[in-house]
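Observations on the model geometry
These are the residues of each chain, in order.
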Amino acid sequence: MRKILLLLTISTLMIMSCTTKNDKTNPFLSEFNTPYFVPDFDNIKIEHYMPAFTEGMKQQKAEIEAITSNTEAPTFENTILALDNSGEVLNRVSRVFFNIKEANTNDEMQKIAREVSPLLSSHSDEISMNKELFERIKVIYENRNNSNLDDQQIRVVEKYYSDFVRGGANLNAEDQEKLTKINKELSTLTINFGENQLAETNNFKLIIDNEADLAGLPENVIATAAKTATDLGEDGKWIFTTSKPSMIPFLQYAENRDLRQKLYTAYYMRGDNNNEFDNKEIVSKIVKLRAEKAKIMGYKNFAEYRLEINMAQNPDNVDKFLENIWTAALPVAKKELKEMQAIADREGNNIKIESWDWWYYAEKLRNEKYNFDEKEIIPYLSIDNVKNGIFILSNKLYGITFEQRTDLPKYHPDVEVFEIKNADSTHAGIIYFDYFPRSSKSTGAWCTSFAPQQWKDGKRVEPVISIVCNFTPPVGDTPALLTWDETATLFHEFGHALHGLFTEGKYKRTAGKVSRDYVELPSQILENWAGTAELLKQYAVHYQTGEIIPDEIIEKLHNSSLFNQGFNTVENIAACILDMSYHKVEDATQDINVTEFENQVMQKIGLIPEILPRYRSTYFSHIFDGGYASGYYVYMWAAVLDADAFDYFVQSGDVFNPELAASFKKHCLAECGNDEGMVQYVKFRGQEPSIDPLLKRNGLK
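Residues numbered from 1 in each chain as written. Predicted model: local features only at pLDDT ≥ 70, side-chain atom pairs only at ≥ 80, totals over all residues. Heavy atoms only, no water.

Attention now moves to the side chain of Asp 84. Here Asp 84 is to be found in helix α3 (residues 76-84). Only 3.0 Å separates the side chain of Asp 84 from the backbone nitrogen of Arg 509, close enough to count as a polar contact. Not counting the four nearest positions on each side in its chain, Asp 84 is found in contact with Tyr 160, Lys 506, Tyr 507, Lys 508 and Arg 509. (Helix = DSSP H or I, 4+ residues; strand = E, 2+ residues; numbered from the N terminus. Polar contact = N/O pair within 3.5 Å; in protein donor to acceptor, adjacent residues only side chain to side chain. Contact = heavy atoms within 4.5 Å.)

Laid out in structure tokens, this is it:
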């Protein structure tokens with residue numbers, strides 16, 4: 001899940017405002033004239049974005065002014081509901097622009113992002129710090145319990161009141177000016193961070209022209225590298241990049257240790273090469289500005305400010321949570337390292353395992369301990385098979401079905417579009433799938449929406465959702481064959497999609513809106529079903545023979561489920577602790593040496609040198625170019641919830657238990673915004689979650 005940022009000069013704004021006032025050709029200035037209101041990609045042009053942003057901000061300012069100039073006493077309808085319904089054009093263009101910028105960017109898109117980000121930041125602050133608007137909200141808030149409002153209206157009032165307080169509405173004019181300046185600068189810095197990371201990812205290529213250097217690599221990996229080389233004008237060679245679908249198989253199987261080191265070093269040095277794309281200074285500035293913002297808002301540090309509205313509530317609770325898992329995981333990782341070193345010693349390689357060796361010897365260890373090579377399962381995991389498995393699961397749990405639509409506009413030829421239908425065949429939503437890497441796409445995988453569920457004119461408008469990934473692409477006649485990690489990732493992102501699909505609520509501020517450390521529950525729980533024998537037998541079919549995956553391979557997959565869990569957990573928690581450490585900085589005046597800071601944090605917690613944090617500072621996009629600042633811990637926090645929730649299904653004796661599925665859909669997806677996260681979870685589970693299922697699943701207990 002990704003970012004929403006926002007720029008432009010005042011003179012340009014005035015010019016564009018004049019030019020867009022009567023522009024009937026701009027698709028963003030009215031509802032899309034398309035089936036199900038999907039974005040009108042066939043008619044959207046690059047020149048439409050900036051005028052639409054300008055007009056959207058202008059319209060919302062007028063809508064806010066209409067609220068504040070209303071001489072009638074503040075009511076839910078004339079203030080809260082009016083605010084909730086404001087900004088329709090701005091929301092429409094923002095969702096499309098920033099989603100496309102992540103999925104299919106170009107120089108013009110990046111230029112617009114640099115221009116519009118500070119402008120949108122200022123626009124947002126003008127609303128959040130509007131004294132007249134806040135006073136009206138405050139009146140309604142103080143009288144919310146005796147105004148004949150229902151529970152959901154009261155919750156909307158409370159959330160908006162909190163938003164305005166946290167947005168600076170109670171600050172004096174001087175501090176509001178400081179905060180506005182900080183927010184504008186942060187919006188630009190985060191854009192720059194992301195552009196640098198994309199450039200660094202695209203700039204490195206490991207070019208191999210000696211076939212002997214491919215020793216150990218599977219044929220499909222070699223074929224993909226050859227295609228990459230041909231696509232980049234290096235026909236007859238093989239190219240590997242730092243995108244994970246290219247890099248991870250090379251690290252797992254390539255026998256050439258020097259080349260493994262070269263590729264992995266390029267990956268972990270992204271943004272840290274003292275060149276024009278270096279992110280160290282940007283990280284330092286972001287950390288300082290966030291610390292300063294926290295002080296202005298009355299908090300010791302940024303983590304305290306951000307966590308106040310999460311399930312975790314404060315940094316101490318997060319620190320204790322992470323420490324408990326770290327203490328359990330680090331010995332497991334050290335044991336894994338010892339076992340791998342023993343393999344290297346037996347082979348007589350006379351090496352000490354380093355970080356770039358981990359994947360290679362971990363794969364050997366998996367073979368030795370479990371007689372399982374990931375190459376055995378990959379032929380059963382074509383992209384269509386995995387997608388079909390998700391569709392089967394969704395139908396079993398929730399009764400929905402999927403129909404591919406080739407008549408709807410899309411933003412790139414590789415994208416697939418599906419209509420989702422309810423059990424009674426009525427329309428439930430649209431979903432876009434964008435599977436494969438390209439230089440115009442950010443790294444990683446995420447789920448977003450072009451249009452969330454909303455109520456309009458008394459009717460529910462179904463959502464338009466998008467899943468964007470960077471999976472192993474097809475080569476020639478061979479379909480895209482996914483690794484097990486990629487398979488789990490697609491299930492994960494589709495869990496987010498189900499959250500968006502099933503959201504019910506009449507108010508934009510609360511419908512589907514949950515705390516950051518709850519948001520990964522709907523995604524992570526779906527991963528649990530991916531490897532069940534019950535589901536694998538229905539979707540994992542060999543792409544050449546049509547053979548259903550054998551019980552022997554399923555058994556090996558299950559037996560190896562604890563494989564490398566020490567490494568996976570340690571690199572994850574190390575990144576969580578790095579995130580928290582940055583955002584517990586209290587001195588907003590001192591420059592941070594990013595390299596020293598990161599090294600000191602890792603030394604303090606005792607991270608072994610053979611493992612790096614999952615994200616080093618200079619490419620930690622989640623926290624410096626996304627919405628997870630002080631929040632990377634949420635994946636592990638939500639893992640407690642998803643492991644406990646899935647265990648509830650298992651203990652029921654039916655992993656597809658329809659009654660539990662209906663309860664989960666109602667309380668944890670559809671109505672999740674109706675109350676705080678733990679309250680909604682307990683409605684489903686009947687009790688607060690236990691950490692035991694997570695520890696057992698990860699082999700830490």
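This part is about the pattern of salt bridges. The final tally for this structure, using the stated rule, is 47 salt bridges. A salt bridge links Lys 61 to Glu 126; its shortest N-O distance comes to 3.9 Å. A residue pair is termed long-range when its members are at least 10 positions apart, and Lys 61 in helix α2 (residues 46-68) and Glu 126 in helix α5 (residues 107-128) qualify at 65 residues. In this structure Glu 126 comes out as partly exposed when scored by relative accessible area, which is 46%. A salt bridge links Lys 387 to Glu 416; its shortest N-O distance comes to 2.7 Å. A residue pair is termed long-range when its members are at least 10 positions apart, and Lys 387 in helix α16 (residues 383-398) and Glu 416 in strand β4 (residues 416-421) qualify at 29 residues. Connected through shared salt-bridge partners, Asp 272, Asp 278, Lys 280, Glu 598 and Arg 616 make up one network. (Salt bridge = Lys/Arg side-chain N within 4 Å of Asp/Glu carboxyl O. Buried < 20%, exposed > 50% of the residue type's maximum accessible area, 1.4 Å probe, protein only.)

For the rest of this paragraph, the subject is the side chain of Asn 657. Mapped onto the elements, Asn 657 comes out in the loop between α24 (634-652) and α25 (658-670). Residue class for Asn 657 comes out buried when judged on its relative accessible area of 14%. One polar contact links the side chain of Asn 657 to the main-chain amide nitrogen of Glu 659, over a distance of 3.0 Å. Excluding its chain neighbours within four sequence positions, the residues that come into contact with Asn 657 are Phe 649 and Ser 652.

What follows concerns the packing of aromatic side chains. Counted by the stated rule, this structure contains 52 aromatic pairs. The interplanar angle of 70° and the centroid separation of 5.3 Å between the aromatic rings of Tyr 264 and Tyr 268 together place this pair among those described as edge-to-face. Taken together, the positions of Tyr 264 and Tyr 268, both in helix α11 (residues 257-268) and 4 residues apart, correspond to about one turn of that helix. Tyr 268 carries the same exposure label as Tyr 264, and that label is buried. Above the face of the Tyr 141 ring, Arg 144 is positioned so that its terminal group lies 4.0 Å from the ring centre. (Phe/Tyr/Trp six-rings, centres within 6.5 Å; stacked < 30°, edge-to-face > 60°. Lys NZ or Arg CZ within 6 Å of the ring centre and 35° of its normal.)

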